[in-house]
Amino acid sequence: MKYAFIMAGIIIFVFAWKIIAVNKVESDAEKQIASERTLITQQAREQADKQYKKEEERFAQVLSWAVRSELIRNNIDQVGLYLNDIVKQLNAERIDLIGEKGELLVSTDKRLEDIKGSDLYPKETINEHKVAIKTDANGKKLVIAPVSDFNKRIAVLVISYK
């Protein structure tokens, strides 16, 4: 009888130890899966952000080419129509075209027509020589695209998002 109780105790001990060990392994596996899922999600977001940034830069470059074409022909009204349509499609706050001397050539915000472009943006934004994506002091995203003639820069486009 004594051996039966000892044997029952050993069986209960082994069974309890097995349950604890299995629960620990399951818990560790769940934590590892959760951390891997978080890592994969973060990597996917970073990759998507990089791709989105590249697409924004390509769009800005193509838009600057279209604007350049119209500026060379002195079709400022046509540029205004382009930019107004694009603001609606992109759901952007506004798009400004600033001339090489800092003058505001076109803005989709008609309240800004009498303001100089150099008063709207810092000098480093206006003097950008390649497509860039920045954040301004108010937390707005700016896509900056210089508009260049064949041998010189003639203007800069600034697309502002909320």
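Structural notes, computed from the coordinates. Values in this document were obtained by computation on a predicted structure and should not be read as measured data.

A closer look at the pairing of strand E4 (residues 141–148)
- Taking burial as the measure, the 8 residues of E4 include 6 buried ones, the bulk of the element.
- Strand direction decides the pairing type here: strand E3 (residues 132–135) and E4, joined by 4 bridges, are antiparallel. When the bridges of E4 are listed, threonine 135 appears paired with lysine 141.
- By the bridge criterion, 8 bridges tie E4 to strand E5 (residues 153–161) in an arrangement that is antiparallel. Each bridged residue has a counterpart across the sheet, and for valine 143 the counterpart in E5 is isoleucine 159.
- Hairpin connection, E4 to E5: the antiparallel pair is bridged by 4 residues.

Re the environment of threonine 38
- In this structure, threonine 38 sits in helix H1 (residues 2–72).
- Taking the C-alpha atoms as reference points, threonine 38 and isoleucine 126, 88 residues apart in sequence, are found 39 Å from one another.

Conventions and cut-offs
- Residues numbered from 1 in each chain as written.
- Predicted model: local features only at pLDDT ≥ 70, side-chain atom pairs only at ≥ 80, totals over all residues.
- Heavy atoms only, no water.
- Buried < 20%, exposed > 50% of the residue type's maximum accessible area, 1.4 Å probe, protein only.
- Helix = DSSP H or I, 4+ residues; strand = E, 2+ residues; numbered from the N terminus.
- Pairing = 2+ DSSP bridges.

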